[in-house]
2 protein chains.
Amino acid sequence: MQLKNQVEWALHCCSILAGLPDGRYLDTKSLAQLHGVPKEYLSKALQALAKAGLVLSTLGPSGGYRLARAASGITFWDVVSAIEGPGPAFVCTEIRRNNPCRPKSTCDAKACIVARVMWEAEDAWREKLRGMTIAKLVDQVVEEVPADLMEATAVWVGERS
Amino acid sequence: MQLKNQVEWALHCCSILAGLPDGRYLDTKSLAQLHGVPKEYLSKALQALAKAGLVLSTLGPSGGYRLARAASGITFWDVVSAIEGPGPAFVCTEIRRNNPCRPKSTCDAKACIVARVMWEAEDAWREKLRGMTIAKLVDQVVEEVPADLMEATAVWVGERS
DNA sequence: TCCTTATGGACATATAATATCCTTAAAGGA
DNA sequence: TCCTTTAAGGATATTATATGTCCATAAGGA
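So, here's what we can say about the structure. (Residues numbered from 1 in each chain as written. Chains lettered and ligands numbered in written order. Predicted model: local features only at pLDDT ≥ 70, side-chain atom pairs only at ≥ 80, totals over all residues. Heavy atoms only, no water.)

Remarks on the packing of helix H1 (residues 5-17) of chain A against helix H3 (residues 39-51) of chain A
Residue and element names in this part refer to chain A. Put simply, the rule is: Think of each axis as a best-fit line through the C-alpha atoms, taken over the contacting stretch in the case of a helix, with angles from 0 to 180 degrees between the N-to-C directions. Runs of H or I in DSSP of at least four residues are treated as helices and runs of E of at least two as strands, each being numbered from the N terminus. Put simply, angles under 35 degrees are roughly parallel, angles over 145 are roughly antiparallel, angles from 65 to 115 are roughly perpendicular, and the rest are oblique. Crossing handedness follows the turn of the near helix against the far one: under a right angle anticlockwise gives a left-handed crossing, and clockwise gives a right-handed one. Whether two residues are in contact is decided by their heavy atoms: any pair within 4.5 Å suffices. In the scheme used here, Gly and all other residues not listed as nonpolar or charged are polar, with Ala, Val, Leu, Ile, Met, Phe, Trp, Tyr, Cys and Pro taken as nonpolar and Asp, Glu, Lys and Arg as charged.
Taken N-terminus to C-terminus, the directions of H1 and H3 make an angle of 70°; their axes are 10 Å apart at the nearest point. One way to sum up the angle between H1 and H3 is to call them roughly perpendicular. For the pair H1 and H3, the sense of crossing is right-handed. Residues Gln6, Trp9, Ala10, Cys13 and Cys14 of H1 touch H3, and the partners they reach there are Tyr41, Leu42, Lys44, Ala45, Leu46 and Leu49. Taken together, the residues of the contact of H1 with H3 sort by class into nine nonpolar, one polar and one charged.

Points about the nonpolar core
Counted only if it meets this: Side-chain atoms within 4.5 Å are what join buried Ala, Val, Leu, Ile, Met, Phe, Trp, Tyr and Cys residues into a set we call a nonpolar core. Residue exposure (1.4 Å probe, protein chains only): buried if accessible area is under 20% of the type maximum, exposed if over 50%, otherwise partly exposed.
Core analysis: the biggest nonpolar cluster contains 104 residues, and Leu49(A), Met118(A), Leu49(B) and Met118(B) have the highest contact counts within it. Excluding residues within four positions of it along the chain, Met118(A) makes contact with Phe90(A), Leu3(B), Val7(B), Leu11(B), Phe76(B), Val80(B) and Leu129(B).

Comments concerning the protein's contact with DNA strand D
Note the following rule: A molecule or strand has a residue near it when one of that residue's heavy atoms lies within 4 Å. Two N or O atoms form a polar contact when they lie within 3.5 Å of each other; inside protein one atom must be a possible hydrogen donor and the other a possible acceptor, and for residues adjacent in sequence the pair counts only when both atoms belong to side chains.
Around DNA strand D, 22 residues are found, and the nearest of them are Pro61(A), Thr28(B), Lys44(B), Leu59(B) and Tyr65(B). Per the 4 Å cut-off to the protein, sugar and phosphate atoms form 62% of the nearby atoms of DNA strand D. In this structure, a base oxygen belonging to DNA strand D sits 2.6 Å away from a side-chain N or O atom of Lys44(B). Here a sugar or linking oxygen of DNA strand D and a backbone polar atom of Gly60(B) are 3.4 Å apart. With three residues, H3(A) is the largest single contributor of residues to the surface near DNA strand D. Among the residues making up the surface near DNA strand D, the classes are represented as nine nonpolar, eight polar and five charged.

Looking at the relation of the copies chain A and chain B
To keep it simple, the criterion reads: A residue counts toward the fit only if its pLDDT is at least 70 in both copies, and the copies are then superposed by least squares on the C-alpha atoms of those residues.
Superposing chain A onto chain B takes a rotation of 180° plus a shift of 0.0 Å along the axis, which leaves an RMSD of 0.0 Å. Here the copies are linked by what is in effect a two-fold axis. In terms of proximity to the rotation axis, the leading residue of chain A is Trp125(A), whose C-alpha is 2.5 Å off the axis.

Some points on the pairing of strand E1 (residues 55-58) of chain A
All names here are of chain A. Cut-off, in case you're wondering: The pairing criterion is simple: DSSP has to find at least two bridges between the two strands.
In this sheet, strand E2 (residues 64-67) lies alongside E1 in antiparallel orientation, the contact comprising four bridges. Paired with serine 57 across the two strands is tyrosine 65, which belongs to E2. From the end of E1 to the start of E2, which pair antiparallel, there are five residues, and glycine 60 there has a positive phi angle of about 80°.

What to know about the interface of chain A and chain B
As a reminder of what qualifies: By definition, the buried area sums, over both parts, the 1.4 Å-probe accessible area that each loses when the two are put together. Any Lys or Arg side-chain nitrogen found within 4 Å of a carboxyl oxygen on Asp or Glu counts as a salt bridge.
Chain A puts 52 residues into the contact, and the matching count from chain B is 52 residues. Summed over both partners, the interface of chain A with chain B comes to about 4800 Å²; 73% of that surface belongs to carbon and sulfur atoms. By the criterion of area lost to chain B, the three top residues of chain A are Met1(A), Glu8(A) and Ile95(A), representing 16% of everything that side buries. Linking chain A with chain B are four salt bridges, by the criterion used here.

Looking at the environment of Pro86(A)
Within the element layout of this structure, Pro86(A) appears in the loop between helix H4 (76-84) and helix H5 (113-130). Here the alpha-carbon distance between Pro86(A) and Asp148(A), two residues 62 residues apart in the chain, equals 38 Å.

Quick look at the protein's contact with DNA strand C
In the vicinity of DNA strand C, 23 residues are found, and the nearest of them are Thr28(A), Lys44(A), Ser57(A), Leu59(A) and Tyr65(A). Atoms of DNA strand C within 4 Å of the protein: sugar and phosphate make up 62%, bases the balance. At 2.2 Å from a phosphate oxygen of DNA strand C is found a side-chain nitrogen or oxygen belonging to Tyr65(A). With respect to DNA strand C, the side chain of Tyr41(B) contributes an N or O atom lying 3.5 Å from a phosphate oxygen. Every element with two or more residues in the surface near DNA strand C is listed here: H3, E1 and E2 of chain A together with helix H1 (5-17) and helix H3 (39-51) of chain B. Residue composition of the surface near DNA strand C, by class: nine nonpolar, nine polar and five charged.

The quantities given are spatial measurements derived from coordinates; they are silent on function.
Have a look at this one:
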């Protein structure tokens, strides 16, 4: 079990878009260069974010993407679920029904206990992701990344947005 | 991103093995029939549990598997990590290093912030799984599953162990 | 009109999950 | 000793998913 690389890409892209001058857009090509990932495939991830309403896009020269709302209103879960889909990682195939001792007529009041436990654990994971926003991420980045690299990147992005 | 079906199978198998009469073994064939899953493939999952030290196996007639220790000493995380591997679901490919503005000499003191956040969320998931044991699972099963089905299954298993 | 860009579909490849088959060796019973 | 049963593990096949590329289309800006 592994999350798609697109999750990593999308989160990094969001942190870049969060630092964009107001009203400006950054295009796929620049985001791909900045992260060293294939432009065409990154494009699919950005399209997923757009479809989920997390980013806005515009066409033509100086087109590209920007965040659809304040970075404080976009959580890690928003991004992860946009890329991976909102469904659970644990899929219950109801193998309890295959018990040969079980009468056909048996009707299950509750979901399988195994599934419920697995889903509770996922809830804890999801809650953690919901508690982290792109804004908080950017705060951390500003705190940890050397100021000159932050500045150089801002200039690089500014030239392309 | 989805967990393997083998995780579901392995957990159900553990709950069955936990109910086994002392010192008895239940074979792969019976476990497969009981859950309606392919014997050969389930066998791979059981081998993974054995390799992880969660179950013991023995050969020959009346051979099969039993828990290697008390059900209270086996957690959901033990089973999940035996099947899925202990590694994180989020894999950091260090795309921050691909930033063209970044001097080659840059050395990272800490892991990427994005990765750290994702891993913290996974820790919460893992902790939930660590907090649930096969013994607790069995308690819940006893509480929720109709007594006659529990009894019939115990008889069925008893005849084959 | 021309260039740039996102969109979306089609397609190709790589990797992982699922599934089956077969050989080997060990355990138990006849 | 011989035969049956069983787990172990390797080889292989099949299917699904992830990754990656390409192209046609439509829309925005110069």
